[in-house]
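Coordinate analysis (summary)
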Amino acid sequence: MSAVLTRPPEAAAAVERSLPDGPSGPINGQRPTPGARLGDAARLAGRAGWKSLAVLLFLALWEFGPTYLASPSTRVFLPPLHDVIEAGGKLLETGQLQNHLQASLTRSVSGFSIAVVSAVALGLLIAWYGWLSSFLNPLLELFRNTATLALLPVFTLLLGIGEESKITIVAYAAFFPVLLNTIAGVRTVDPLLIRAARSLGLNSFRLFQKVILPSAVPTIFTGIRMAGTSSILVLIAAEMVGAKAGLGYLIVNSQMSFLIPDMYAGILTVSILGLAVNILLVALERHFSRWRTAVGSGN
């Protein structure tokens, strides 16, 4: 005769208290203790500190290296970080930095927007229609392998030294990364998804809207991030050649006027601008790819 063993309520409670907590708190649904929250915060702070350690070491080297490691002649051309920050503060006070930054942002955003819209549209068509791909591919390969800055004199001769030439060269530099990644993103969509969508009666427009574009978004945004970096770099180079305003003009004019801290302040502004653009594009990619996170969390 078998007997059914039951655990007293007191023993069950003791066992439950002895079990370890889950990743988001105790397994019995109770809130984490203040000690556990403090430990999580310490771990997050440790990760953030480790990720920023290389940057902090570089800034420390920039601050103390010219003073204690470099010769007096080198310090003239490589001022400490605090001198650069002071120069940037003076440029902010006079409004020069804002004016140059606004000029560069206007050109880069205009050219970048034109490139993204046209490249995504053309990339979708090329990836979907084989005859169009075979027709345009030789011409696209020819222009893709032509250095952007090599065409700067051409754009300047045809469009002048005004805003049109700078916006055009930014659009040219940003066009091909977005185009190529759009084509690759569409061509790598799972064929089973396309067959399933067609079996449900979706027309071509709905198929692009509901299946192809969402699946190709991560690859497209990879090209958009590459294009964002390229557009800023090319614009700075173009502003160094022929411009009366912009971060590139600020850098080269400060160098020619022997305002070395101002030159480094302009370079530091370009770096911060590129970092901000990359963070913004990553946030946009996560926003448009939320359905992938939702699907993955449901597995």
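For the structure itself, look to the data block above.
Presented here is an overview of the structure given in this document. (Residues numbered from 1 in each chain as written. Predicted model: local features only at pLDDT ≥ 70, side-chain atom pairs only at ≥ 80, totals over all residues. Heavy atoms only, no water.)

**Re the overall build of the chain**
Secondary structure assignment for the chain yields 13 helices and zero strands. Scored against the burial criterion, the 299 residues of the chain give a buried share of 33%. In the chain, 68% of the contacts between residues at least 6 apart in sequence involve partners at least 24 apart. Put simply, the chain shows about 18,800 Å² of open surface, and 68% of that area lies on carbon and sulfur atoms. (Helix = DSSP H or I, 4+ residues; strand = E, 2+ residues; numbered from the N terminus. Buried < 20%, exposed > 50% of the residue type's maximum accessible area, 1.4 Å probe, protein only. Contact = heavy atoms within 4.5 Å. Areas by Shrake-Rupley, 256 points an atom, 1.4 Å probe, with all protein chains shown as cover.)

**What about unusual backbone geometry?**
For Phe-258, which is not glycine, the phi dihedral falls at a positive 60 degrees. Take Phe-258: it is sitting in the loop between helix H11 (247-256) and helix H12 (260-288).

**Side note on the side chain of Ser-133**
Checked against the element boundaries, Ser-133 lands in helix H6 (residues 130-144). Those residues in contact with Ser-133, other than ones at most four positions away along the chain, are Ile-126 and Arg-187.

**A look at the nonpolar core**
In terms of nonpolar packing, the biggest core is built from 43 residues, with Phe-112, Ile-126, Ile-169, Val-178, Leu-179 and Ile-224 touching the most fellow members. At the level of elements, helix H5 (96-128), H6, helix H7 (152-159), helix H8 (163-187), helix H9 (191-199) and helix H10 (204-241) are the ones that each hand at least two residues to this core. Per-element tally for this core: the top contributor is H10, with 13 residues. If sequence neighbours within four positions are ignored, Ile-126 has contacts with Leu-132, Ser-133, Leu-136, Leu-140, Leu-179, Ile-183 and Arg-187. Grouped together as the second largest cluster of nonpolar side chains are 16 residues, Trp-62, Leu-91, Leu-250 and Ala-265 included. (Core = buried A, V, L, I, M, F, W, Y, C linked by side-chain atoms within 4.5 Å.)

**Quick look at the side chain of Ser-254**
Tracing the sequence through the fold places Ser-254 in helix H11. Of the residues examined, Ser-254 reaches a relative accessible area of 3% and is grouped as buried. Excluding residues within four positions of it along the chain, Ser-254 makes contact with Leu-259, Asp-262 and Met-263.

**Let's talk about the packing of aromatic side chains**
Scanning the entire structure with this criterion turns up eight aromatic pairs. With a centroid separation of 5.5 Å and 80 degrees between ring planes, the pair formed by Tyr-172 and Phe-176 is classed as edge-to-face. Here Tyr-172 and its partner Phe-176 are both found in helix H8, four residues apart, which amounts to about one turn of the helix. With respect to burial, Tyr-172 and Phe-176 carry one shared label: buried. Here the aromatic cluster, defined as three or more aromatic residues joined through ring pairs, consists of Phe-155, Tyr-172, Phe-175 and Phe-176. (Phe/Tyr/Trp six-rings, centres within 6.5 Å; stacked < 30°, edge-to-face > 60°.)

**Quick notes on the pattern of salt bridges**
One pass over the full model with this rule turns up three salt bridges. The shortest N-O distance in the salt bridge between Arg-107 and Glu-163 comes to 2.7 Å. In this pair, Arg-107 is assigned in helix H5 and Glu-163 in helix H8, connecting sequence segments 56 residues apart. We classify Arg-107 as buried; its relative accessible area is 5%. Residue classification places Glu-163 among the partly exposed residues on the basis of a relative accessible area of 38%. Between Arg-107 and Glu-239 there is a salt bridge; the shortest N-O distance is 2.7 Å. Residue Arg-107 is found in helix H5, and its partner Glu-239 is found in helix H10; the two are separated by 132 residues along the sequence. Taken as a pair, Arg-107 and Glu-239 share a single burial class, namely buried. Among the charged side chains, a network of salt bridges with common partners joins Arg-107, Glu-163 and Glu-239. (Salt bridge = Lys/Arg side-chain N within 4 Å of Asp/Glu carboxyl O.)

**Some words on the packing of H5 against H12**
Interaxial distance between H5 and H12 falls to 12 Å at its minimum, and their mutual angle equals 40 degrees. Judged by the inter-axis angle, H5 sits oblique to H12. Handedness of the crossing formed by H5 with H12: right-handed. Of H12, the residues touching H5 (which contributes Leu-97, Leu-101, Leu-105 and Phe-112) are Thr-269, Leu-273 and Leu-281. (Axes fitted to C-alpha atoms, helices over the stretch in contact; angles between N-to-C directions. Parallel < 35°, antiparallel > 145°, perpendicular 65-115°, else oblique. Left-handed = near helix turned anticlockwise from the far one by under 90°.)

**Examining the environment of Pro-261**
Assignment of secondary structure puts Pro-261 in helix H12. For Pro-261, a relative accessible area of 27% puts it in the partly exposed group. In this structure, the C-alpha to C-alpha distance between Pro-261 and Pro-79, residues 182 residues apart in sequence, is 6.6 Å. Setting aside anything within four residues of it in sequence, one finds Pro-261 in contact with Pro-79, Asp-83, Val-84 and Ala-87.

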